[in-house]
Amino acid sequence: MAFSQTMFIEINEDIIKDANEKKDLPANTTKDLLIQMALCAKQGKHIVSVPCFLKSKAYCKSISELIGKSYFSALDYYNRKRSEYGQILSHLSVRGFITYEDKSDLPNNFIRIIPNKHSNFEPWVEAHVLTENLMDSSFYIYLAYYYFNVEILGGRKRRFDFCYKFYPLMGGGVTIEKVLHGEIKREQHFCLALADSDKKWDGDTNVGDTAQKMLDLMKNENPFNCKLYVMSKVREIENLIPRKFVEKFGDKTGFIDIFNYNPSFYDMKIGLSLTELFHNKVCKYWKDMFNDPALFIERNNIRQRSQSKKDYDKAVKGMEPLKKGFGSSLLSLVVGDIDYEKDLKKYNPKMQDGLYHVIPSELTVEQREEWKNIGREIFSWTCCLKAKI
């Protein structure tokens, strides 16, 4: 799978006017911008739209003469396909908009790119998807296909000239916040960051430290070129994996019956460990779910003897989880990012292909909501038309 993040970018009429007005000047930076945008459209990096070409043959003629027929054709390609793709692209959650006009009349989901103000920004370059691990972005691309097939097409089988590409960035743990900060400060690329919530139970109103630092950073910096999505209905990315893939690739000693309850906040890698049950609210959540008081007797005894969380953590250190997880390699095995023979797993390429065809009935209620929301963001930030060169 190739990666390079893309989105729908509209070039405003004032850009076309400025390029024409500067046509006789030795340095025409707006002309250079149009050529760069035409190249990125040809290469399938972005969907580029120039609506004013539709209303003015004079614009078409002058720009074709200015940058050449091939580049003009690339900029005009979406106009020729708008009847086919327009309704689909109405589902986008974000759009780029290149203009010299610094006005506040754009919808909230438009990213305004002002070339002479955002001088470091390169809208023609692949944007970035930032996740904690590179394999995360390999998984998220399937959610874009799900969103397109289920939410836009309604399950109808149709062929379109769409593809999804992105340039992956990673920053495990606390590093991801630093990588996001760097993207914000550089103001050079589009950047979509996706973070686990690290919530421990359904009623948890707080996200984990990493997600909170990223949320605080976005609030303080308010970057024009970046967006952060933090999951709210599940704990982390492994909780998004459909049951049939967990059964196929997960450790066979894992508690697969968690899917008969609610796997949203279950640690799919380790399982339900005693270390997470110190707080009574968390413990009550799992007690109520399993309705098995005997399962928590040992935890209760240790909790009563412990004077502090430090004492409790020391007492339960190294103890087996109450319910087992499916192994630290679960996600890697599902997306095919690691050596199957080394991990004693039989590689079945059809299983990976199966991620393209997940249907709502194969997901839990919480998974469906996250697949829809994350899928919408990946679709919006990475959809493109196939390369023409």
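Residues numbered from 1 in each chain as written. Predicted model: local features only at pLDDT ≥ 70, side-chain atom pairs only at ≥ 80, totals over all residues. Heavy atoms only, no water.

Trainee: Account for the sheet that holds strand β1 (residues 8-11), naming residues and giving values.
Mentor: Overall, parallel pairing links the four strands, which are arranged β2-β1-β3-β4 in an open sheet. Of all the strands in the sheet, just β2 (47-49) and β4 (110-113) have a single pairing partner and so form its edges. The mean inter-strand angle of the sheet, taken between neighbouring strand axes irrespective of direction, is 25 degrees. As judged from the three bridges shared by β1 and strand β3 (residues 95-98), these two strands associate in the parallel manner. For I9, the partnering residue across the bridge sits in β3 and is G96. Where helix α5 (residues 69-89) meets the sheet, it contacts β1, β2 and β3, and its direction lies at approximately 105 degrees from that of β2. (Pairing = 2+ DSSP bridges. Helix = DSSP H or I, 4+ residues; strand = E, 2+ residues; numbered from the N terminus. Axes fitted to C-alpha atoms, helices over the stretch in contact; angles between N-to-C directions. Contact = heavy atoms within 4.5 Å.)

Trainee: Can you break down helix α8 (residues 209-221) residue by residue, with the values?
Mentor: Taking 1.5 Å of rise per residue, the 13 residues of α8 would be expected to cover 18 Å, and the 18 Å separating its terminal C-alpha atoms lies within 8% of that figure. Buried within α8 we find T210, A211, M214, L217 and M218. Seen end-on, α8 carries its buried residues on one side only, within an arc spanning 125 degrees. α8 presents D209, K219 and N220 as exposed residues on the side facing more than 90 degrees away from its buried surface. In this structure, the buried side of α8 is in contact with α7 (175-186), β8 (191-195) and β9 (226-230). (Expected span 1.5 Å × (residues − 1). Buried < 20%, exposed > 50% of the residue type's maximum accessible area, 1.4 Å probe, protein only. Arc of directions from axis to C-beta.)

Trainee: Quick one: what's the story with the nonpolar core, residue by residue and with numbers?
Mentor: Counting residues in hydrophobic clusters, the biggest one holds 103 residues, and the most contacted among them are F139 and W286. Among the elements that make up this core, the one with the highest residue count is helix α6 (residues 134-152) (11 residues). Once you skip the residues sitting within four places of it in the chain, F139 turns out to touch I237, L240, I241, L331, V335, L355 and W371. In this structure, L180, A193, A195 and V230 belong to the second largest nonpolar core, which totals 15 residues. (Core = buried A, V, L, I, M, F, W, Y, C linked by side-chain atoms within 4.5 Å.)

Trainee: Any details on unusual backbone geometry? Residues and values, ideally.
Mentor: We note that E187 has phi near 50 degrees; this positive angle belongs to a residue other than glycine. Judged by its relative accessible area of 31%, E187 falls in the partly exposed class. The backbone of D198 shows a phi angle near 60 degrees, a positive value even though the residue is not glycine. Secondary-structure assignment places D198 in the loop between β8 and α8.

Trainee: Please set out the side chain of E377 residue by residue, giving values where relevant.
Mentor: Summarising the element assignment, E377 is placed in helix α15 (residues 365-382). For E377, a relative accessible area of 6% gives the class buried. Looking at E377, its side chain comes within polar contact range of the side chain of S93, at 3.2 Å. If near-sequence neighbours (up to four positions away) are discounted, E377 is found in contact with S93, L192, K227 and Y229. (Polar contact = N/O pair within 3.5 Å; in protein donor to acceptor, adjacent residues only side chain to side chain.)

Trainee: So, the pattern of salt bridges: which residues are in play, and what are the values?
Mentor: With the rule as written, the count across this model stands at 17 salt bridges. Between D102 and K117 there is a salt bridge whose closest N-O contact spans 3.7 Å. With a gap of 15 residues between them, D102 in the loop between β3 and β4 and K117 in the loop between β4 and β5 (128-131) connect regions that are remote in the sequence. Exposure class is identical for D102 and K117. Each is exposed. A cluster of three or more residues bridged by salt bridges with shared partners is formed by R235, E236, D267, K269 and E276. (Salt bridge = Lys/Arg side-chain N within 4 Å of Asp/Glu carboxyl O.)

Trainee: Any chance you could break down the packing of aromatic side chains for me, citing the residues and the numbers?
Mentor: The full count for this structure, using the stated rule, is 21 aromatic pairs. Taken together, a centroid distance of 4.8 Å and an interplanar angle of 90 degrees make the contact between Y145 and Y356 edge-to-face. Of this pair, Y145 sits in helix α6 while Y356 sits in the loop between α14 (349-354) and α15, and the two are 211 residues apart along the sequence. Using a relative accessible area of 23% as the deciding quantity, one classes Y356 as partly exposed. Where Y146 meets W371, the ring centres are 5.2 Å apart and the plane angle is 80 degrees; that geometry is what we call edge-to-face. On the criterion of sequence distance, the pair formed by Y146 in helix α6 and W371 in helix α15 is long-range, its members being 225 residues apart. The exposure class assigned to Y146 is buried, which follows from its relative accessible area of 3%. (Phe/Tyr/Trp six-rings, centres within 6.5 Å; stacked < 30°, edge-to-face > 60°.)

Trainee: Describe the sheet that holds β5, and please don't skip the residues or the numbers.
Mentor: Strand order in the open sheet formed by four strands is β7-β5-β8-β9, and the pairing between neighbours is parallel. The strands lining the two open edges of the sheet, one partner per strand, are β7 (167-170) and β9. Mean inter-strand twist for the sheet, computed between neighbouring axes without regard to direction, equals 20 degrees. Sheet analysis places β8 next to β9, joined by five bridges and oriented parallel. Opposite L194, over in β9, you have Y229 as the bridge partner. Packing of α8 onto the sheet brings it into contact with β8 and β9, and relative to β9 it is tilted by some 145 degrees. Across the sheet, α15 is in contact with β5, β8 and β9; its angle to β9 comes to roughly 165 degrees.

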